[in-house]
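As a plain string of letters, each chain reads:
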Number of protein chains: 2
Amino acid sequence: MAKTDTLPPIAHPAREEITVEGVLRALADPVRLAIVRQLAATEHEVACGALTVPVTKSTITHHLSILRQAGVVAGRQEGTTRFNSLRRNDLDALFPGLLNGVLAAQR
Amino acid sequence: MAKTDTLPPIAHPAREEITVEGVLRALADPVRLAIVRQLAATEHEVACGALTVPVTKSTITHHLSILRQAGVVAGRQEGTTRFNSLRRNDLDALFPGLLNGVLAAQR
DNA sequence: GGATAAGTTCGATGAACGTCGTAGTTCGAC
DNA sequence: GTCGAACTACGACGTTCATCGAACTTATCC
């Protein structure tokens, strides 16, 4: 009740604020790596619930938050659904080759 | 006394055993990233003691062990000194662009 | 309005991690 | 043989991290 004023549209770091270490830390987890791979495999945005990872929904939220803070993924709210996408442009501009190298890995 | 039989020459993973996740985990630490940058900055091998990082020697040993197990650096023993070098060839073959992207980072 | 669906927030818990100091080993020099 | 240098191995300690369940918010649909 009475609570419809401020609603920060999420909060992502600007391109200049993204650090390698942050990105590497964000990618250094099997679940998050799986999420990034799934986002990279499609052209479209992906909803949280459409990700297939072996953890709870609250844990997915946590991982997406870390990926967002690191500047790896972007999130867009639409109704009760949050659409996520890879920040390819920014990552490629800052660390050319990094993302491709990670995605090229067979294991 | 009486202990001069087995002395494993260190133990590195074969190229096929290196995983992206292991490499990313290994790189996701400021001290280890600094070590990798110093190794990348020179053509020569670097002794543990010649690395300039703000931690104790035993901690350096620990970090180098992690980097070695992940397949990021190679170590060669010579007397009491251990010379370390980046496994550029292997990393570039497995994850083309990854290392360059990391090293290209301004921060 | 009520019900449902999609995410988030908030502890709590147990595991993994980075750091250090001390002790130990191995080699080279005296 | 003795000494020092270069690391390594082993505990120990404190912090960070991934995970979960339960409660909550917000929007959509009937």
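Residues numbered from 1 in each chain as written. Chains lettered and ligands numbered in written order. Predicted model: local features only at pLDDT ≥ 70, side-chain atom pairs only at ≥ 80, totals over all residues. Heavy atoms only, no water.

Colleague: Lay out helix α1 (residues 20–27) of chain A with the relevant residues and their values.
Modeller: When α1 of chain A is considered as a whole, its buried residues turn out to be V20, V23, L24, A26 and L27 of chain A. Looking down the long axis of α1 of chain A, one finds its buried residues gathered within 160° of arc, a one-sided arrangement. (Buried < 20%, exposed > 50% of the residue type's maximum accessible area, 1.4 Å probe, protein only. Helix = DSSP H or I, 4+ residues; strand = E, 2+ residues; numbered from the N terminus. Arc of directions from axis to C-beta.)

Colleague: Can you break down the pairing of strand β2 (residues 73–78) of chain B residue by residue, with the values?
Modeller: All names here are of chain B. Relative to strand β3 (residues 81–86), β2 runs antiparallel, the two being bridged by 6 bridges. When the sheet's bridge partners are listed, Q77 is paired in β3 with R82. Two successive antiparallel strands, β2 and β3, enclose a turn made up of 2 residues, where G79 displays a positive phi of approximately 70°. (Pairing = 2+ DSSP bridges.)

Colleague: With reference to specific residues and values, describe the protein's contact with DNA strand C.
Modeller: In the region of DNA strand C, 22 residues are neighbours, and T61 and R82 of chain A together with R32, T56 and H63 of chain B sit closest. Counting only atoms of DNA strand C within 4 Å of the protein, the fraction found in sugar and phosphate groups is 76%. Interatomic distance of 3.4 Å between a backbone N/O atom of C48 of chain A and a phosphate oxygen of DNA strand C. Interatomic distance of 2.9 Å between a side-chain N/O atom of R32 of chain B and a phosphate oxygen of DNA strand C. The biggest single contributor to the surface near DNA strand C is helix α3 (residues 57–70) of chain B, with 5 residues. (Near = heavy atom within 4 Å. Polar contact = N/O pair within 3.5 Å; in protein donor to acceptor, adjacent residues only side chain to side chain.)

Colleague: For the relation of the copies chain B and chain A, give the residues involved together with the corresponding values.
Modeller: Relating one copy of the chain to the other takes a rotation about an axis and a shift parallel to that axis. If you rotate chain B by 180° and push it 0.0 Å along the axis, it lands on chain A with an RMSD of 0.0 Å. The superposition operator between the copies reduces to a two-fold rotation axis. Of the residues that chain B buries at the interface, 100% are likewise interface residues in chain A, meaning the two copies contact each other through the same surface. (Least-squares fit on C-alpha atoms with pLDDT ≥ 70 in both. Contact = heavy atoms within 4.5 Å.)

Colleague: Any details on the protein's contact with DNA strand D? Residues and values, ideally.
Modeller: Around DNA strand D, a shell composed of 22 residues is seen, among which R32, T56 and H63 of chain A together with G49 and R82 of chain B lie nearest. Here T59 of chain A contributes a side-chain N or O atom positioned 3.2 Å from a phosphate oxygen of DNA strand D. In the environment of DNA strand D, a phosphate oxygen lies 2.4 Å from a nitrogen or oxygen atom belonging to the side chain of R82 of chain B. The dominant element in the surface near DNA strand D, judged by the number of residues it contributes, is helix α3 (residues 57–70) of chain A, at 5 residues. By residue class, the composition of the surface near DNA strand D is 5 nonpolar, 12 polar and 5 charged. (Nonpolar A, V, L, I, M, F, W, Y, C, P; charged D, E, K, R; others polar.)

Colleague: Tell me about the sheet that holds β2 of chain B, residues and numbers included.
Modeller: All names here are of chain B. Taken in spatial order, the 3 strands line up as β1-β3-β2 in an open sheet, and their pairing is antiparallel. At either margin of the open sheet sits one strand with a lone partner, and together these are β1 (46–47) and β2. Packing against the sheet, helix α2 (residues 30–40) makes contact with β1, β2 and β3, and its axis sits at approximately 85° to β3. Those strands touched by α3 are β2 and β3, and its axis lies near 120° from that of β2. (Axes fitted to C-alpha atoms, helices over the stretch in contact; angles between N-to-C directions.)

Colleague: Which residues make up the pattern of salt bridges, and what are the values?
Modeller: This structure, assessed with the given rule, holds 10 salt bridges over all chains. The salt bridge partner of D90 of chain A is R87 of chain A, with a shortest N-O separation of 2.9 Å. Like D90 of chain A, the residue R87 of chain A is buried in the burial classification. Of the charged contacts, one joins E45 of chain B and R76 of chain B as a salt bridge, the two residues approaching to 2.5 Å between their closest N and O atoms. Here E45 of chain B is found in the loop between α2 and β1, whereas its partner R76 of chain B is found in strand β2, with 31 residues between them in sequence. Classification of E45 of chain B by relative accessible area gives partly exposed; the value is 34%. A relative accessible area of 35% places R76 of chain B in the partly exposed class. (Salt bridge = Lys/Arg side-chain N within 4 Å of Asp/Glu carboxyl O.)

Take it as geometry only, folks, not as evidence of what the structure does.
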